[in-house]
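Now for the letters of each chain:
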Amino acid sequence: MGKDKSNGTDAAVHNGVKQQPNRQMSTELYDISSKVMLIGDSGVGKTCLLVRFKDGAFLSGSFISTVGIDFRNKVVDVEGTKVKLQIWDTAGQERFRSITRAYYRDANEKSKEAVECSKIIFFLLQIWDTAGQERFRSVTHAYYRDAHALLLLYDVSNKASFDNIRAWLGEINEYAQEDVVIMLLGNKADMTSERVIRTEDGERLANEYNVAFMETSAKTGMNVDLAFMAVAKDLKMKKTRKPTDPKFSVTDYVNQEKQSVGCCSS
Ligand SMILES: Nc1nc2c(ncn2[C@@H]2O[C@H](COP(=O)(O)OP(=O)(O)OP(=O)(O)O)[C@@H](O)[C@H]2O)c(=O)[nH]1
Ligand SMILES: [Mg+2]
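All values derive from a computational prediction rather than experimental measurement. (Residues numbered from 1 in each chain as written. Chains lettered and ligands numbered in written order. Predicted model: local features only at pLDDT ≥ 70, side-chain atom pairs only at ≥ 80, totals over all residues. Heavy atoms only, no water.)

A.B. asks: Is there a simple way to explain the sheet that holds strand 6 (residues 69-78) in this structure?
C.D. replies: The strands making up a sheet associate through hydrogen bonds between their backbones, and the pairing can be parallel or antiparallel. With mixed pairing, six strands are arranged side by side in an open sheet as 6-7-5-8-9-10. With partners counted over all chains shown, the strands left at the sheet margins are strand 6 and strand 10 (212-215), one partner each. Recorded for the sheet is a direction-independent mean angle of 25° between the axes of neighbouring strands. Inspection of the sheet shows strand 5 (residues 32-40) paired to strand 8 (residues 149-155) by five bridges, in the parallel sense. Paired with Leu38 across the strands is Leu151, a residue of strand 8. In the packing of helix 6 (residues 165-175) onto the sheet, the strands contacted are strand 5, strand 8 and strand 9 (181-187), and the crossing angle to strand 8 comes to about 165°. Relative to strand 10, helix 9 (residues 250-257) is tilted by about 25°, and along the sheet it contacts strand 9 and strand 10. (Pairing = 2+ DSSP bridges. Helix = DSSP H or I, 4+ residues; strand = E, 2+ residues; numbered from the N terminus. Axes fitted to C-alpha atoms, helices over the stretch in contact; angles between N-to-C directions. Contact = heavy atoms within 4.5 Å.)

A.B. asks: Could you clarify how one ought to interpret the site of ligand 1 in this entry?
C.D. replies: In the vicinity of ligand 1 there are 24 residues, among which Ser42, Lys46, Ser65, Gly92 and Ala218 approach most closely. Take Thr47: an N or O atom from its side chain is 2.9 Å from an oxygen atom of ligand 1. A distance of 3.1 Å separates an oxygen atom of ligand 1 from a polar backbone atom of Leu59. Expressed as a share of its isolated accessible area of 650 Å², the protein-covered part of ligand 1 is 91%. According to the grid-proximity analysis, the pocket containing ligand 1 is the largest pocket. A total of three residues in the shell around ligand 1 trace back to one element, the largest contributor, which is helix 1 (residues 46-55). Here the shell around ligand 1 is built from residues that sort into eight nonpolar, eleven polar and five charged. (Near = heavy atom within 4 Å. Polar contact = N/O pair within 3.5 Å; in protein donor to acceptor, adjacent residues only side chain to side chain. Areas by Shrake-Rupley, 256 points an atom, 1.4 Å probe, with all protein chains shown as cover. 1 Å grid on protein atoms, 1.4 Å probe; cavity = no way out; pocket = protein on both sides within 12 Å on 5 of 7 lines; lining within 4 Å. Sits in = over half its atoms within 2 Å of the grid points. Nonpolar A, V, L, I, M, F, W, Y, C, P; charged D, E, K, R; others polar.)

What follows is the structure in structure tokens.
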């Protein structure tokens, strides 16, 4: 085993491939990196979930719809392995749909400039909204492919956002890669009096599509860290698993770790 980490511990060398510590733009070291995408209808809470995970804060106040796409990085520690999550926050609005698909399959990190550039493309596309979208669709679908994980949100107080989940799962099936990790998240679980989708409705749909499920709240933080840590753990297990190691199941892990509404203050 080589030593290639600054603190001299044995390197994570697996199948002869040395996992080199990498540096992201800041000085933060990480061993492996993955791309996670937040998708779902406009207003379900994708941006708020990301801000809660990244900054531990809740964006209350007026709702500002995401234009196009953006991303944030966060490095988490999974049993001693530093996993960098590059989290892409997509715009739920229908008019951006054809372009955000572009990011389901994105080779690797995109620089901030590229994201700014994408916003210009979004604005241009808005001008050609109808005609343009169709013309770009074949190009943009190419990007769905390389996401390691897709967090698919609906809002438990908004029936349409839940009804649209099947369409989202159809898109994922068409454009994302075979072994992409999919997690169905029923967000805004704190809105008990406005709730219109029961927990069991979400569970049933997740079972039907064989994807992990839990309810979250970007407002209280319930299950937010778990959603991202489950993805990071899956990635770590995939990258470092020896043939003799048991297979890691995101669904089993989430089912054993998740909090349910009202069980514990979060
Ligand atoms: N009560 C409650 N409100 C939330 C929660 N998450 C988001 N919200 C609110 O819902 C609204 C929309 O949240 P966003 O995160 O901006 O929604 P989005 O999915 O990013 O929307 P688009 O960017 O248009 O796709 C905001 O007013 C948030 O304050 C939550 O967990 N609980
Ligand atoms: Mg948003």
